Amino acid sequence: MFIPTLVLWLLSASPEVPVTPPVPVEAAPPVMPAEVPALTEAVRVLLRLTIDAAGEVSQVEVRESGGVAFDRAAMAAALRWRFEPARRGAAPLEVRVDVPVTFEPVVDPAALAADDGASASGPPEPTGAEPLPAPAKPEPPAFSTTVRGQSAAPPPVAVGDFHITVGQLADVPRNSATDLMLLAPGVMLANHGGEGHAETVYLRGFDAGEGKDVEMRLDGVPLNEVSQAHGHGYADTYFIIPELVQSLRVTEGPYDPSQGDFGVAGTVEYQLGLERRGITASASYGSFASRRLSLVWGPPGATAATFVGVLLRQGHGFGPNRAYANASLMAQTELRLGAETKLRLFGASYGARYASAGVVRETDVVDARLPCDADADSQFFCLYDPNQGGASQRHIASVELTSRLERGGRFVQQAFAIARQMRGRENFTGFLQDTPPIGEAQRGDDTEQSYQGTTVGLRGRYTPGLTWAGQPQPLELGYLARYDNVHTRARRLRDKGGAPYATVFDNQVRVTNLGAYLSLRGAPLEWLTLRGGVRVDAFLFGVEDLNRPAEDRLGARIPEESVEAYGFFASPRASAEVRLTRRLTWLTSAGLGARSSDAAGLSDAEFAPYARVTSGETGLGWRWSDGPSLLELRGAVFATRVSQDLVFSETTGRNQPLGPSQRLGAFGSARLQWEQRLDVQASLAWARATQPLPGASPWRLWDGAVLPYIPQLLGRVDASWRGTATVARQPVGWSVALGHSAIGPKPLPLDRYSEPIFLFDVAARASWRAVELGLSVENLLDARWRESEFNYVSNFRGPDAPASLLATRHFSAGAPRTVRGTLTVYLDLQEERP
């Protein structure tokens, strides 16, 4: 927390007339800077305020600096303070005062759970004001405002448990909030469906699809969709406004008892907040007629948890049939219901429409057979089927109540509701899957996938704040109750006209998930911390299959059928942390996780199977910090086994069961922050994913057939440098930023490998007063790269052409060089940009 005590010294006084000091009327607390690491010692800023005759703070000077970020936070708060003015008799006076502001680290271990808000108790009325004798300066009454700033992140449950503050790295060019996941090591994103289709996530050696193996949350609200037509666990994060993402927690592996369904490779949670107060309006225009307009507002005097944001995006796309348009609105308010209770209300709405080029055969590109110009670039970005694309809508409401209890305990309750609709059209094989009536030609493999439904749920956690032997032993109990009622369907469409001619599946699905977990952390020795816990989940599935035959061998029947099934699993997790030195720790973690069944594949009265994941990790972490500067290094090795994995199937356009799989890997990461000027995040990860041989020992994790499409080597660097310069005697803020991705060769079927990929994104900006100009270039070197690659049999030559049975490489093209200019205006200016 930080405790500013305002000690007011009037710098001038009249010996004849008594002077009364200013009295605080509004003293909204400062906000802990989001971009700074967790404090280990107090930071002090001394301000000199000029309070005018109206009681307003007309000028703020920094007399003693605590660092750029802390200076800005203290000055921004001081400019919003209001006073009853000082008076000489009845006449108001302008006075100057010195104000020390101290930022202190959080010392209450029970408060280390994620609490990104702030609270303030109003300043007490000053008492005992006396007339001022001459010529002495008046001794004013003291008053104080107490603030709870941002707490430190909870200690990691594994070396691969990352609490990533976006901060200055927001300067790096990114297409959407999904790209923020690249800040974690071992992450690669790919998209074969267009601007609006969820990204395929590769994490820790897993092809996690669009969410089947990675749990996605938004401040506690689950984003994975059960039994989604495109794939179980589908999670679209395009609706999240990047400017409102304050931090991410990426837990790689199933090591935290709070991790739930789909957390096979790990869990990603977006944490929202807007530090800057006032209005920020930004407009961008760039290559391929891309347009972006964002407007975010943080009401002055409110915490970072109160904000409104609107984002509009539109463009033609970087090639034929890649146009897109979407709009998103997100709003949240934090209300104080007393000194120890706060209420957060959150809502979001999103709508999108996009076109997709799909995939093309490599041989057709090389031979210039595609229906575009014959030059290499036109063929590379061409397509077969212009009917591909989709549309989606999402609406979210969430209410969260947080109460601090005695002895540092905490009780959090959250209720959420989600309404979701999605429709997409894809064609991966051309004219291959249809069995037409005798004498008719193939009707095409264009597949329409639709999903519509609602999700409601409750989530909570309770931390009693226990102590044992004089040491805090945090115990946490949590629960989840979630109900999904969705309609999911896939149909084949005619190549001409787009009319449906066959139903692949058509299900009304109802799923109830009840989960609970217990987590305990203790330190039996000064150098040893043990953590452990268990999570249990129960699932009840109800399916109305609306695509049954109208008759069977016994005669006519109703073409519907009901299925009920039940599933249960328990997942213990544990970790041990050994403090080798004051800065160096050795952390070993192990845990079990699970992925629930896709309800569409269950049988009646079945005890629903689930995919069980067993994972272990060990590694070192080293951390040094000095005020706003930080250097953190991590490295670990890990091993994972999955009882039932999934792999992409081109015939259905979704993931299908493969059997057991295993992974062996390692990663290293570094984060450097220096004086609020330089911020660098770098990582390198290696993972080998294989399908074990029948009867092989579970300890031989390196044996077996290599799984296709999963990159084995990934590297990423994000860096931003900020500074100020003087131009025409005016201070101008500037920044330069770099994002670099290196993707090693991906294994393909038939012992083939893709080419490595190297991408560079750069950005620069300059700001003066309330105006900022920016320029970004993505794919600076204009590489021709393949975002997704597959190897299978297809026939895109027409319905009457004979199909080849020889598998060949298919790919979706990655974006070429994209240039974008941005104009940003900071209205209701609260602080100078660096």
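Residues numbered from 1 in each chain as written. Predicted model: local features only at pLDDT ≥ 70, side-chain atom pairs only at ≥ 80, totals over all residues. Heavy atoms only, no water.

A.B. asks: So what's going on with the overall build of the protein chain? Residues and values would help.
C.D. replies: A tally of helices and strands in the protein chain yields three helices and 53 strands. Burial analysis of the protein chain (834 residues in total) assigns 55% to the buried set. The contacts in the protein chain between residues at least 6 apart in sequence include a share of 68% that link residues at least 24 apart. Accessible area of the protein chain: about 33900 Å², with a carbon and sulfur share of 60%. (Helix = DSSP H or I, 4+ residues; strand = E, 2+ residues; numbered from the N terminus. Buried < 20%, exposed > 50% of the residue type's maximum accessible area, 1.4 Å probe, protein only. Contact = heavy atoms within 4.5 Å. Areas by Shrake-Rupley, 256 points an atom, 1.4 Å probe, with all protein chains shown as cover.)

A.B. asks: Just give me the short version of the side chain of Q449, but keep the residues and values in it.
C.D. replies: As for its placement among the helices and strands, Q449 is situated in strand β29 (residues 446-463). At 2.7 Å, the side chain of Q449 forms a polar contact with the side chain of H230. (Polar contact = N/O pair within 3.5 Å; in protein donor to acceptor, adjacent residues only side chain to side chain.)

A.B. asks: So what about the nonpolar core? Which residues, and what values?
C.D. replies: Residues M181, L218, I240, V245, L248, Y270 and L272 are the most contacted members of the largest nonpolar core, which totals 57 residues. With four residues, strand β25 (residues 341-355) is the largest single contributor of residues to this core. Setting aside residues up to four positions removed in sequence, I240 forms contacts with A177, L218, L223, V245, Y270, L272 and M330. By size, the runner-up hydrophobic cluster in this structure holds 23 residues, among which are L49, V60, L93 and V95. (Core = buried A, V, L, I, M, F, W, Y, C linked by side-chain atoms within 4.5 Å.)

A.B. asks: Quick one: what's the story with the packing of aromatic side chains, residue by residue and with numbers?
C.D. replies: Two aromatic rings are characterised by how far apart their centres lie and by the angle between their planes. By the definition in use, this model includes 15 aromatic pairs. Note on F239 and Y350: the rings are 6.4 Å apart at their centroids and 55° apart in plane angle, and the pair reads as tilted. Here F239, found in the loop between β18 (221-222) and β19 (245-252), pairs with Y350, found in strand β25; they are 111 residues apart in sequence, far enough to count as distant. Classification of F239 by relative accessible area gives buried; the value is 1%. The class for Y350 is buried, based on a relative accessible area of 4%. When the centroid spacing of 5.8 Å and the interplanar angle of 75° are considered together, the rings of F318 and F381 count as edge-to-face. (Phe/Tyr/Trp six-rings, centres within 6.5 Å; stacked < 30°, edge-to-face > 60°.)

A.B. asks: I'd like to hear about the state of the cysteines, residue by residue, with values.
C.D. replies: A complete count under the given rule lists one disulfide for this structure. Each sulfur in the disulfide pair C372 and C382 lies 1.9 Å from the other. On the sign convention where negative is left-handed, the bridge of C372 and C382, at about 80° about the S-S bond, is right-handed. Here C372, found in the loop between α2 (362-366) and α3 (376-380), pairs with C382, found in the loop between α3 and β27 (389-404); they are ten residues apart in sequence, far enough to count as distant. Assessed through its relative accessible area of 26%, C372 is described here as partly exposed. (Disulfide = S-S within 2.5 Å.)

A.B. asks: So, the pattern of salt bridges: which residues are in play, and what are the values?
C.D. replies: Counting across every chain of the model gives 48 salt bridges. Close ionic contact of R292 with E243 constitutes a salt bridge, the shortest N to O distance being 2.9 Å. Taken as a pair, R292 in strand β22 (residues 290-298) and E243 in the loop between β18 and β19 lie far apart in primary sequence, 49 residues in all. According to the relative accessible area criterion, R292 is buried, its value standing at 18%. R663 serves as the salt-bridge partner of D645, at 2.8 Å between the closest nitrogen and oxygen. One end of the pair, D645, is in strand β41 (residues 629-649); the other, R663, is in strand β42 (residues 654-674), with 18 residues separating them in the sequence. Residue class for R663 comes out buried when judged on its relative accessible area of 1%. Overlapping salt bridges, with partners in common, bring together K212, D213, R595, D645 and R663 in one network. (Salt bridge = Lys/Arg side-chain N within 4 Å of Asp/Glu carboxyl O.)

A.B. asks: Break down the sheet that holds β18 for me, citing the residues and quoting the values.
C.D. replies: What links the strands of a sheet is backbone hydrogen bonding, and the strands pair in either a parallel or an antiparallel sense. The five strands lie next to each other as β13-β19-β20-β17-β18, forming an open sheet whose pairing is mixed. With partners counted over all chains shown, the strands left at the sheet margins are β13 (161-165) and β18, one partner each. As defined by bridge partners, strand β17 (residues 214-218) adjoins β18 across two bridges and the pair is classed as antiparallel. Within the sheet, the bridge partner assigned to L218 lies in β18 and is V221. (Pairing = 2+ DSSP bridges.)

A.B. asks: Run through helix α1 (residues 68-78), naming residues and quoting values.
C.D. replies: Counting buried positions along α1 yields nine of eleven residues, so the element is predominantly enclosed. Buried residues of α1: A69, F70, D71, R72, A73, A74, A76, A77 and A78, and no others. Next to the buried residues of α1 lie β4 (43-51), β5 (57-64) and β9 (95-103).

A.B. asks: Would you mind going over the confidence of the model for the protein chain in detail, with residue names and values included?
C.D. replies: On average, residues of the protein chain score 86 in pLDDT, and 88% of them reach the 70 mark or higher. In the predicted structure, residues 107-151 sits below a pLDDT of 50 and forms 101 contacts with residues beyond four places in sequence or in another chain. (pLDDT = per-residue confidence, 0-100.)

A.B. asks: Talk me through the pairing of β25; I want residue IDs and the actual numbers.
C.D. replies: Relative to β25, strand β24 (residues 324-336) runs antiparallel, the two sharing 13 bridges. Bridging from a neighbouring strand, T333 pairs with L345 of β25. Counted along the chain from β24 to the antiparallel partner β25, the turn is four residues long, and its residue G338 has a positive phi close to 110°. Where β25 lies against β27, 15 bridges are found, and the strand directions are antiparallel. The partner of K342 across the bridge, within β27, is T402.

A.B. asks: How would you sum up the sheet that holds β4? Please name residues and give values.
C.D. replies: With antiparallel pairing, the three strands of this open sheet are ordered in space as β5-β4-β9. Two strands lie at the open edges of the sheet, namely β5 and β9, each paired on one side alone. Geometrically, the sheet is characterised by an average inter-axis angle of 25° between neighbouring strands, direction not taken into account. By the bridge criterion, six bridges tie β4 to β5 in an arrangement that is antiparallel. The residue bridging I51 from the neighbouring strand is V57, located in β5. Strand contacts of α1: β4, β5 and β9, with the helix running at about 35° to β4, the strand carrying the most contacts. (Axes fitted to C-alpha atoms, helices over the stretch in contact; angles between N-to-C directions.)

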